[in-house]
Each structure stands twice: as structure tokens, then as C-alpha cells.
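Each chain is listed here by its residues.
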Amino acid sequence: MSASLTHEVAEYRYGIRNNFAQFSHQLVQVFLVGLTIGMFRTVVPALAETEFGVAKGSFMMLMAFVTAFGFVKGTLNFVAGRLSERMGRKKVLFLGWLAAVPMPFMILYAPNWNWIVAATVLLGVNQGLTWSMTQTSKLDLTTANQRGLTIGLNEFSGYFGVAVAGIVTGYMATAFGAREGLMLFGLTVILLAGLLTLLWVKDTLPWAQAEGKKHAAGQMTGPKPRYPANIADKPGTWDVFTLMSWRDARMASISQAGLVEKFVDALVWVFFPVYLHQRGLSLPGIGWVVGVYGFVWGMSQFFTGHLSDRVGRKQPIVWGMWLCGTGVALVLLGDGELWWSFSAAVMGFGMALLYPTLSAAVSDIAHPNWRGSAIGIYRFWRDLGYGIGALLLGAVAALFGGIEAGFWFTAAAMFVSGLIVLLACEETHPRLNPAAD
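Computed from a predicted structure; not experimentally measured.

**Student:** Break down helix 5 (residues 89–100) for me, citing the residues and quoting the values.
**Tutor:** Turn by turn, an α-helix covers 3.6 residues, leaving residues three or four places apart pointing in a common direction. For helix 5, with 12 residues, the first-to-last C-alpha span of 18 Å sits near the 16 Å given by 1.5 Å per residue. Of the residues making up helix 5, those classed as buried are R89, V92, L93, G96, W97, A99 and A100. Down the axis, helix 5 shows its buried residues gathered within 160° of arc, on one side only.

**Student:** Requested: an account of the side chain of R313, with residues and values cited.
**Tutor:** Positionally, R313 belongs in the loop between helix 13 (283–311) and helix 14 (314–331). Relative accessible area serves as the criterion here: at 1%, R313 is assigned to the buried category. A polar atom in the side chain of R313 sits 2.9 Å from the side chain of D309.

**Student:** Pulling in residues and values, what's your account of the packing of aromatic side chains?
**Tutor:** Scanning the model with the defined rule gives 28 aromatic pairs in all. Ring centres 5.6 Å apart and planes at 85° place the aromatic pair W319 and W322 in the edge-to-face group. Here the residue W319 and the residue W322 both occupy positions in helix 14, the gap between them amounting to 3 residues, near one helical turn. Using a relative accessible area of 53% as the deciding quantity, one classes W319 as exposed. Taken together, the aromatic side chains of F31, F156, F160, F295, F302 and F303 make up a single cluster linked through ring pairs.

**Student:** Please provide a residue-by-residue account of the pattern of salt bridges, values included.
**Tutor:** As enumerated under the stated definition, the model contains 13 salt bridges in all. Of the charged contacts, one joins R250 and E426 as a salt bridge, the two residues approaching to 3.6 Å between their closest N and O atoms. Here R250 is found in helix 12 (residues 249–278), whereas its partner E426 is found in the segment after helix 17 (403–424), with 176 residues between them in sequence. The class of E426 is partly exposed, set by a relative accessible area of 33%. Linked through salt bridges whose partners overlap, the residues forming this network are R147, E211, D309, R313, D364 and R371.

So, how was this worked out
Residues numbered from 1 in each chain as written. Predicted model: local features only at pLDDT ≥ 70, side-chain atom pairs only at ≥ 80, totals over all residues. Heavy atoms only, no water. Helix = DSSP H or I, 4+ residues; strand = E, 2+ residues; numbered from the N terminus. Expected span 1.5 Å × (residues − 1). Buried < 20%, exposed > 50% of the residue type's maximum accessible area, 1.4 Å probe, protein only. Arc of directions from axis to C-beta. Polar contact = N/O pair within 3.5 Å; in protein donor to acceptor, adjacent residues only side chain to side chain. Phe/Tyr/Trp six-rings, centres within 6.5 Å; stacked < 30°, edge-to-face > 60°. Salt bridge = Lys/Arg side-chain N within 4 Å of Asp/Glu carboxyl O.

Following this line, the structure appears as C-alpha cells:
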């Protein structure tokens, strides 16, 4: 290898400590991304009937905005991964914030529920572009032994934002009115995020490109990852998509687990607030119960992501799926704010075990040349779970005459999905299951 190429590869340093300033900027970004989606979590579903004209018992109509969000966000995750390998991570991040600007005004002036669905389409664009880029950028900067910790910190920051927004918007809606409170909150967050992106965020694509060159030059040290053998060095979009979706059993089992776990998030987003509202809980009370789920999920990922760097990926994924499903079932087995908060905490901790670990598992066995695409396609399948889950939950609730059926369906799906990972996926951590020399 030439001296100039050696110098080019060597100048990029990896690890959280070596890139602390940019890593911190990206944590702030994902916190703001979480605040943006969080403003749709408490007030909008709870007031769908009184404020936006959704007929009582119209489960499919209620789920329409989450369905739209899931399909749009899933598709934009896919697009973001490919785009980021061509135009860079920073530009894609900024495009995501531009897409969000109309949302607060659409909520403020919405004459009916269709406007909320349209605003949620823009939310899907925003989340698909921004959350994907905050995660990919951090992975570009860090080492293989820090992937679980990196994803854990990323998701901790993002879902802490989701929880904070759910509680704050509940109070702001009570103080200023539902629409006005959401508009003030949303516009402040979106404009601040766009400004910070322009001023302080650096593009991390050069770090990923330098890592790919190191692999090609045989300069990488430590255990060798079990990269898929049936894919080109610089694959096309279809090659990566088919690999992630069915050609590699590990990637396929991870992708299906990501899809199914979003059934829980669709349930928590819509059915949980409506269920609690029907049981007489106030908006701030709903915000706190749903917030417990977000807080436990967010805070625990600080530890569970790092745990997967030590014990491996497979066990936390399987146990997380099963524990989260147990928490969903517990909601219906008791009554009162304390019981619902406990159930939400069980769900949140199960989600904390599985959520960062799934992304870290993809990163373990995705080559840096196509890691951005692999993460994007995994996130495509994962967030498609919002849309598919919302459709199935709405159909199950309509068929069996109540929201409760949606809870039982989600719990069962989580147990089956965890079993698939147990049977079909081998350990992906290169230290615990390295490739043969």
C-alpha cells in the first residue's frame, strides 16, 4: 500500500474518548430527535376524539397515523442509509430537520384527523433521516468493542427525549391548550436542532471510508468479525436488502425481531394512552405512566448496551423480547396508576435489553463498506413494524371488540419472535464468536 494511503487511513482515530466532542453533539441531536417524536405520544392519541374528531371505537382510524408513520419512516431509513454513503451523514441529518418544520403548524391548524396523519408522514421522514444518521455517525467514530455502549447511549438519549416530551407536552397542553402547547414545543425543538446541525455537527463518512480501507489493507487488529461471505465488497442496494431480509439467517432473524418489537411501540403510542384515558386517568397522569416506559427504556440502555459488549448479543435480545411481552400482558392483569407504571417499567426494561443490542448485532457483522446500508435496511424492517403492527392491532381490536385484544396479541407476538432469534441466530460479537483465520 502506498505511503499516502497509509497516512490517509492512519489520521482517523476511533473510540468515544478520541471523538468525544462530536460524539456529544450527536447525543444532543438524538435527544432532540426524541423530543420531536415524543410530542405526538401523549396528547394527540388521548384527544383524538375530542380535539380531532375521531369517532369513539374507530380503532383503524386511530391507528392510521401510526401506520403512515411506520411505512414512511421505514422507507426513509432505507433511503437514508444509501444516501449517507453518497452525500454524507451531515447533509442527510439536516434534510431530516427541514422536513419537520411544517409539523407544528399542521397540528395547530388541523381541521380534522387527516391533517394529523399528514403531519405524521412528515414525522416519519424526519425520524427516518435524523435518527438513522445519529446512530450511523456514532458507529463511524467508535471501535468494535464499544458498539453496544454506543447504541445504548444513542437510544438512551433518544428515548429519554421521548419520555421528557410526553410529560412536558401533557402539562403544556393543559396550560396553553392542546394545539398551542404542541406548536410552541415542536417549533422550538426543530429550529434549535437544525441550527445545531449547521454549526457543530461534522460529517463522519470519512471515518467509515478509512475503516473500510484498513480492512482492505489487512491493518485491522483483534478478533475477526463473521462478515457474510455471499456478498460483494461494494454491493448494490438489492444485494444488501436480500442479505438483510433472507439470505443471511442471522440478519433475517435480527430484522424480524426488530419488526415485531415495534408492535409494542405502536401499542404504547396509541392504545396505551387511550386505554388509560378510558380508565379515567388525566393527561398528566397518562404522560407519567407512558413516561415510565420511556424513562426505564432510555435510562437502562446506558447499562444494557454495554452489557451486550460483555455477554454477547443473543441472550439480551431473547430475554428482552420475552420480558417486554410479559410487561404488555401485565397491563391488563391489574388496575391503578401504580400497577400500570410497574407494567410500563417491565416493558421498558425488556425493550432496553433488546433494542440497542439488535442494532449492535447488525453492526458486528456488517462490513464498513456497506454498514450504513445494512443499518438502514435493518431500520427499514424494524420501523415497518410500526405500520404492520398498527394495522394488525387495529384489526385485532376491531375483530374482538376492544383494545385489550391488542395487548394479548402483542404479548404473544413478542414471545414467538424471541423464540425465532433463539433458534435461528448465532452469536454475532466478534470477541465471543470470531471468524476462523
